[in-house]
Amino acid sequence: MGQSILLGISGGIAAYKSVDLVRRLREHGHIVRVVMTQAAQSFVTPLTFQAISGHPVGCNLLDAASEAAMDHISLARFAERVIIAPASANIMARLAHGMANDLLTSVCLATTAPITLVPAMNHRMWHNPITQANIARLQQFGFTLWGPTEGAQACGEYGLGRMLEPEEIVRCLESTAPIMTSPLAGKNIIITAGPTREPLDAIRFISNRSSGKMGYALAVAAQHYGAHVTLISGPVALPQPNHVRLVKVETALEMQQAVIQHLPQGDIFIGAAAVADFRPETSSTHKYAKDELSTTLALTLNPDIIETVTQFLPRPFTIGFAAQTHDVKLHAIRKLTEKNMDVIIANQVGLAEGGFDSDVNTVDIYSRDGQTHFPCQPKTTLAYQLIKWIGDYYGAQKI
Ligand code: PMT
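Residues numbered from 1 in each chain as written. Predicted model: local features only at pLDDT ≥ 70, side-chain atom pairs only at ≥ 80, totals over all residues. Heavy atoms only, no water.

**As for the overall build of the protein**
Alright, step 1. When you go through the protein residue by residue, the secondary structure sums to 14 helices and 19 strands.
Alright, step 2. Here the C-alpha atoms of the protein give a radius of gyration of 23 Å, agreeing with the 21 Å that 2.2 N^0.38 yields for 399 residues.
Alright, step 3. With the C-alpha coordinates of the protein rotated into their principal frame, the extents come out at 75 × 55 × 35 Å.
Alright, step 4. Across the 399 residues in the protein, those meeting the buried criterion constitute 52%.
Alright, step 5. Put simply, the protein shows about 18300 Å² of open surface, and 54% of that area lies on carbon and sulfur atoms.
Alright, step 6. In the protein, which carries 31 positive and 33 negative side-chain charges, the distance between the mean positions of the two groups comes to 1 Å. (Helix = DSSP H or I, 4+ residues; strand = E, 2+ residues; numbered from the N terminus. Rg over C-alpha atoms; globule rule 2.2 N^0.38 Å. Buried < 20%, exposed > 50% of the residue type's maximum accessible area, 1.4 Å probe, protein only. Areas by Shrake-Rupley, 256 points an atom, 1.4 Å probe, with all protein chains shown as cover. Lys, Arg positive; Asp, Glu negative; His and termini not counted. Charge placed at Lys NZ, Arg CZ, Asp CG, Glu CD.)

In structure tokens, the structure reads:
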């Protein structure tokens, strides 16, 4: 069913692609109204978007004529969904700080509709910690992100920062549109994320490189698909996702306890955490002096949380991850069977990109029905595709 979409265009060469985006959105039955920033008008004229959308284009906040026709409050009310494509580093910085210094930012502050950003910028600007902090802040406020992707950039460089193609944006929209009709709607999903920390003393611990990005992105996507999400997270530096119940833990034993506590309400369990397999046999609440420490560390095995889950009755639909440096498929299938999971999502780790502490990932899903490949992309968009796949597969199992 068509939606009333407010398409925001900010300044970037990718603005030319948004002309095709408007055409495609209209072909899919959506009503599209366009709002352009001043910088966007240097790349494509408002007249082009007026012709292609069939509606006047909003450009100025303080323009008497356009305010009378469709002021920023009316535009905010019109929007069932706001998509900003391209979303420049500048518009994201302004939105992250609640600025309302043009029509687009004012509409975004005034609307209650979900807002999605489709970033486009030079890869160095994208990776800049200031941009990343703005994105994290926006996600904390419920903004979603589609893309960017990696590839050749208009500036002649190569990297992560290309805007998704119009057809990919439409596909993202289609996969989030039927949210409430997803088999996941109303289901309780428990997701583990991040590393665990296994203390040796008051300040030292064993841990791993997991950032929590994959698990948090899955939690956000599952919530958008209508699920009630409990996110059980080891120590990470990520903001709490909106509308997700967050349970913070440190150790594998604490994570296991939190999982057990929430299992009776769980329909689906997703183990994205990198749980430490071992912990120091003994630990101290004070800091060991150098001469108190042995050069040999005695370890003891931690419980396997996935196995706790699959032995629980009634057993939730169980999805694990396999993080492997080699023979990925072989190990993934072995773990799927040995741990009695329904589905396993395998990612290769130890490469320059993807897996642990990376913004992107490449995965393969293995189930008893075969293998599905998901190419390298940001964890934020991958998560939507994985959750869509999980919803469809889970729905089919239930029938
Ligand atoms: O957090 P990011 O930086 O975004 O990185 C994401 C990720 C690489 C951590 C994630 O995609 C991932 O692969 N998570 C699982 C990592 C892992 O521990 O894999 P494993 O092959 O060792 O374990 C297999 C499964 O058993 C996992 O679902 C794991 O959560 C679970 N497990 C492992 C050990 C244990 N004691 N208890 C468990 O439940």
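From this point, the narrative continues.
**Quick look at the side chain of Gln223**
Alright, step 1. By the secondary structure assignment, Gln223 is in helix H10 (residues 213–224).
Alright, step 2. Sequence-distant contacts of Gln223, that is, excluding residues within four places in its chain, are made with Val229, Asn242, His243 and Val244. (Contact = heavy atoms within 4.5 Å.)

**Some details on the site of the ligand**
Alright, step 1. Looking at the ligand, there are 27 residues lining it, with Ser210, Ser211, Lys335, Asn347 and Asp357 nearest.
Alright, step 2. Between the ligand and Ile306 there is a distance of 2.9 Å, counted from an oxygen atom to a backbone nitrogen or oxygen.
Alright, step 3. Residue Ala323 places a main-chain N or O atom 3.2 Å away from an oxygen atom belonging to the ligand.
Alright, step 4. Out of a free accessible area of 770 Å², the ligand has 96% covered by protein chains.
Alright, step 5. Of all the secondary-structure elements, those providing two or more residues to the shell around the ligand are H10, helix H12 (305–311) and strand S16 (317–324). (Near = heavy atom within 4 Å. Polar contact = N/O pair within 3.5 Å; in protein donor to acceptor, adjacent residues only side chain to side chain.)

**Details of the pairing of strand S11 (residues 228–233)**
Alright, step 1. Summarising burial for S11: five of the six residues are buried, a large majority.
Alright, step 2. In the sheet, strand S8 (residues 188–193) pairs with S11 via six bridges, with the strands oriented parallel. Bridge pairing in S11 places Ala193 opposite Ser233.
Alright, step 3. Of the pairings in the sheet, the one linking S11 to strand S12 (residues 245–248) comprises four bridges and is parallel in character. For Thr230, the partnering residue across the bridge sits in S12 and is Arg245. (Pairing = 2+ DSSP bridges.)

**Observations concerning the nonpolar core**
Alright, step 1. If you look at the biggest cluster of nonpolar residues, it comprises 37 residues, and the most contacted ones within it are Leu218, Ile270, Leu386 and Ile387.
Alright, step 2. Secondary structure elements with two or more residues in this core: S8, H10, S11, strand S13 (268–271), S16, strand S17 (343–348), strand S18 (360–367) and helix H14 (379–398).
Alright, step 3. Among the elements that line this core, the one with the most residues is H14, at nine residues.
Alright, step 4. Those residues in contact with Ile387 that lie beyond four places of it in its chain are Leu184, Leu218, Ala221, Ala222, Tyr225 and Ile270. (Core = buried A, V, L, I, M, F, W, Y, C linked by side-chain atoms within 4.5 Å.)

**Quick word on the pattern of salt bridges**
Alright, step 1. Taken as a whole, this structure holds 15 salt bridges when the rule is applied.
Alright, step 2. Across the pair Glu167 and Arg24 runs a salt bridge whose closest N-O atoms are separated by 3.8 Å. Highlighted residues: Glu167 in helix H9 (residues 166–176) and Arg24 in helix H1 (residues 17–27), separated in sequence by 143 residues.
Alright, step 3. In this structure Arg24 comes out as partly exposed when scored by relative accessible area, which is 24%.
Alright, step 4. For Arg334, the salt bridge goes to Glu338, with nearest N and O atoms at 3.1 Å. One end of the pair, Arg334, and the other, Glu338, are both in helix H13 (residues 328–338), four residues apart, so they sit about a helical turn from each other. (Salt bridge = Lys/Arg side-chain N within 4 Å of Asp/Glu carboxyl O.)

**Quick notes on helix H11 (residues 252–262)**
Alright, step 1. For H11, the full list of buried residues reads Ala252, Met255, Gln256, Ala258, Val259 and His262. The arc that holds the buried residues of H11, viewed along the axis, is 165 degrees, so those residues lie on one side. (Arc of directions from axis to C-beta.)

**Focus: the sheet that holds strand S1 (residues 4–9)**
Strand pairing in a sheet takes place through backbone hydrogen bonds and is either antiparallel or parallel in direction.
Alright, step 1. Strand order in the open sheet formed by five strands is S2-S1-S3-S4-S5, and the pairing between neighbours is parallel. Single-partner strands in this sheet number two, and they are strand S2 (31–36) and strand S5 (144–145).
Alright, step 2. When S1 meets strand S3 (residues 81–87), the two strands line up parallel, connected through four bridges. Paired with Gly8 across the strands is Ile84, a residue of S3.

**Concerning a nonpolar patch on the surface**
Alright, step 1. Judged by side-chain polarity, Phe278, Leu297, Leu299 and Leu301 come together as a nonpolar surface patch covering roughly 380 Å² of accessible area.
Alright, step 2. Its place among the elements puts Leu299 in strand S15 (residues 299–301).
Alright, step 3. On the accessibility criterion, Leu299 (39% relative accessible area) is partly exposed. (Patch = residues over 30% accessible without salt bridge, like charges linked within 9 Å, V, L, I, M, F, W, Y side chains within 5 Å.)

**Comments concerning the environment of Asp20**
Alright, step 1. Mapped onto the fold, Asp20 is located in helix H1.
Alright, step 2. Distance from Asp20 to Ile52, taken between C-alpha atoms, is 8.6 Å for residues 32 residues apart in sequence.
Alright, step 3. At 2.6 Å, the side chain of Asp20 and the side chain of Arg23 are in polar contact.

**Remarks on the domain arrangement of the protein**
Alright, step 1. Its domain assignment divides the protein into domain 1 (4–176) and domain 2 (188–281 + 293–398).
Alright, step 2. One C-alpha centre belongs to domain 1, the other to domain 2; they are set 33 Å apart.
Alright, step 3. Listed by partner, the interface residues are 17 residues for domain 1 and 13 residues for domain 2.
Alright, step 4. Counting the surface lost from both domain 1 and domain 2, the interface buries some 1200 Å², and carbon and sulfur atoms represent 58% of this.
Alright, step 5. The tally of links between domain 1 and domain 2 comes to zero salt bridges.
Alright, step 6. Run the count over domain 1 and domain 2 and you get zero residue pairs in polar contact (both at pLDDT 80 or more).
Alright, step 7. Per-element accounting of the side of domain 1 that touches domain 2 gives the leading share, four residues, to helix H8 (residues 129–140). (Domains from an automatic or database assignment. Buried area = accessible area lost by both parts, 1.4 Å probe.)

**Re the sheet that holds S8**
Alright, step 1. If you trace the eight strands from one edge of the open sheet to the other, you get S12-S11-S8-S13-S16-S17-S18-S19, paired in mixed fashion. A strand with exactly one partner marks an edge of an open sheet, and here the two such strands are S12 and strand S19 (370–378). Between one strand and the next, the sheet's axes are offset by a mean angle of 15 degrees, whatever the strand orientation.
Alright, step 2. Sheet topology places S18 next to S19; seven bridges connect them, and they run antiparallel. Looking at the pairing, Ile365 lines up with Thr372 of S19.
Alright, step 3. H10 contacts S8, S11, S12, S13, S16 and S18 of the sheet and is inclined by roughly 170 degrees relative to S11. (Axes fitted to C-alpha atoms, helices over the stretch in contact; angles between N-to-C directions.)

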